[in-house]
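Commentary on secondary and tertiary structure
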Amino acid sequence: MIHGGVIRRSWPADLSAFRDHLLRLDAQSRFDRFAMAVNDDFLTRYAERCFGIDDVIYGYYVDGVMRGAGELRAVGSNIIGGSVEAAFSIEMFWRRRGVGSELMGRIVRAARNRRADTLYMSCLASNPAMQALARKFAADLRFETDDMTGKLVAREPSAASVWSEFADNAASFATAMLDLHTRVYSMQRRV
């Protein structure tokens with residue numbers, strides 16, 4: 001438990017929770033996440049494309065509501081053995097509580113276990129929280145015009161890191177199914 005919430009892998013059944021999380025982000029948080037101003041329609045379309053076979057998303061859930069997300073996706077066509085990109089979004093009230101560090105730890109582990117050679121993460125130069133998060137994980141940062149790109153060279157996966165992700169994913173899947181069952185049951189009771 002982290003400040004009353006849990007971090008777990010998100011599955012296609014969590015699409016609506018992920019979309020709703022993105023829609024709750026304020027304008028500055030949206031700009032920090034996407035490096036441009038985005039509207040609700042953009043966020044809805046984006047969320048609908050985020051649960052592909054090569055996508056890994058971890059969510060921070062409080063009382064079944066996603067309040068933060070860490071995303072990992074391939075830069076090229078394959079997430080195994082290539083370059084990957086990480087992205088993070090945390091709702092304003094839930095920031096500065098260690099959620100970003102926990103999400104980043106899981107994303108780094110997932111990249112490592114997929115034998116990613118490089119993990120990239122971008123943030124605006126005006127986003128010191130994201131810069132601090134990258135530094136915490138010893139990323140090599142460099143400025144490129146008005147944004148900052150972090151490059152973290154992934155290490156080889158260990159049996160412990162693979163097992164840890166497997167166990168975490170199994171528990172996450174079970175929790176997601178219980179959450180889904182609860183949502184469906186509560187909707188049936190209202191009808």
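The structure we're discussing is the one just above.
Let's shift gears to the overall build of the protein. Within the protein one finds six helices and seven strands. For the protein, the sequential pattern of α-helices and β-strands runs β-α-α-α-β-β-β-α-β-α-β-β-α. The long-range fraction of contacts in the protein, counting pairs at least 24 apart against all pairs at least 6 apart in sequence, stands at 65%. With the model as given, the accessible surface of the protein reaches about 10,100 Å², and the carbon-plus-sulfur share is 57%.

This next bit is on the pairing of strand E2 (residues 56-62). Across a regular strand the side chains alternate sides, sitting on one face of the sheet and then on the other. Taking burial as the measure, the seven residues of E2 include seven buried ones, the bulk of the element. Burial along E2 is two-sided: Val56, Tyr58, Tyr60 and Val62 facing one way and Ile57, Gly59 and Tyr61 facing the other are all buried. Direction of pairing for strand E1 (residues 5-10) relative to E2: antiparallel, over a ladder of six bridges. Along E2, the bridge assignment pairs Arg8 with Gly59.

A separate point is the nonpolar core. Soluble globular proteins tend to pack their nonpolar side chains together in the buried interior. Of all hydrophobic cores here, the largest spans 28 residues; its most connected members are Leu72, Phe88 and Leu119. Contributions of two or more residues to this core are made by E2, strand E3 (65-74), strand E4 (83-90), helix H4 (99-113), strand E5 (118-124) and helix H5 (128-136). Broken down by element, the residue count for this core peaks at seven residues, all from H4. Judged by nonpolar contacts, the second largest core, of 15 residues, contains Phe34, Leu43, Ile57 and Ala69.

Most of E4 sits out of view: six of its eight residues are buried. Here E3 runs beside E4; their pairing, made up of seven bridges, is antiparallel. In the strand pairing of E4, Arg73 is matched with Glu85. With four bridges joining them, E4 and E5 adopt parallel strand pairing. The partner of Ser83 across the bridge, within E5, is Thr118. Considered for its hand, the β-α-β crossover made up of E4, H4 and E5 is right-handed.

Turning to the packing of helix H2 (residues 27-34) against helix H3 (residues 40-48), a few remarks are in order. When two helices pack together, their arrangement is given by the angle between their axes and by how far apart the axes lie. Interaxial distance between H2 and H3 falls to 12 Å at its minimum, and their mutual angle equals 45°. It follows from the interaxial angle that H2 and H3 lie oblique. Regarding H2 and H3, the two cross each other, and that crossing is left-handed. Seen from H2, the contacting residues are Arg30, Arg33 and Phe34; seen from H3, they are Asp40, Phe42, Leu43 and Tyr46. Tallied by class, the residues present in the contact of H2 with H3 amount to four nonpolar, no polar and three charged.

In this section: the pattern of salt bridges. By the definition in use, this model includes 10 salt bridges. Put simply, Arg24 and Glu91 hold a salt bridge, and the shortest N to O gap is 3.0 Å. Highlighted residues: Arg24 in helix H1 (residues 15-24) and Glu91 in the loop between E4 and H4, separated in sequence by 67 residues. Taking the relative accessible area as the measure of exposure, Arg24 reaches 36% and is therefore partly exposed.

Attention shifts here to H1. Among all positions in H1, only Ala17, Phe18, His21 and Leu22 are buried. Down the axis of H1, the sector holding all buried residues measures 135°, keeping them to one side. Along its buried surface, H1 packs onto H2, H3, E2, E3 and E4.

About the criteria used
Residues numbered from 1 in each chain as written. Predicted model: local features only at pLDDT ≥ 70, side-chain atom pairs only at ≥ 80, totals over all residues. Heavy atoms only, no water. Helix = DSSP H or I, 4+ residues; strand = E, 2+ residues; numbered from the N terminus. Contact = heavy atoms within 4.5 Å. Areas by Shrake-Rupley, 256 points an atom, 1.4 Å probe, with all protein chains shown as cover. Buried < 20%, exposed > 50% of the residue type's maximum accessible area, 1.4 Å probe, protein only. Pairing = 2+ DSSP bridges. Core = buried A, V, L, I, M, F, W, Y, C linked by side-chain atoms within 4.5 Å. Right-handed = clockwise from strand over helix to strand, strands pointing away. Axes fitted to C-alpha atoms, helices over the stretch in contact; angles between N-to-C directions. Parallel < 35°, antiparallel > 145°, perpendicular 65-115°, else oblique. Left-handed = near helix turned anticlockwise from the far one by under 90°. Nonpolar A, V, L, I, M, F, W, Y, C, P; charged D, E, K, R; others polar. Salt bridge = Lys/Arg side-chain N within 4 Å of Asp/Glu carboxyl O. Arc of directions from axis to C-beta.

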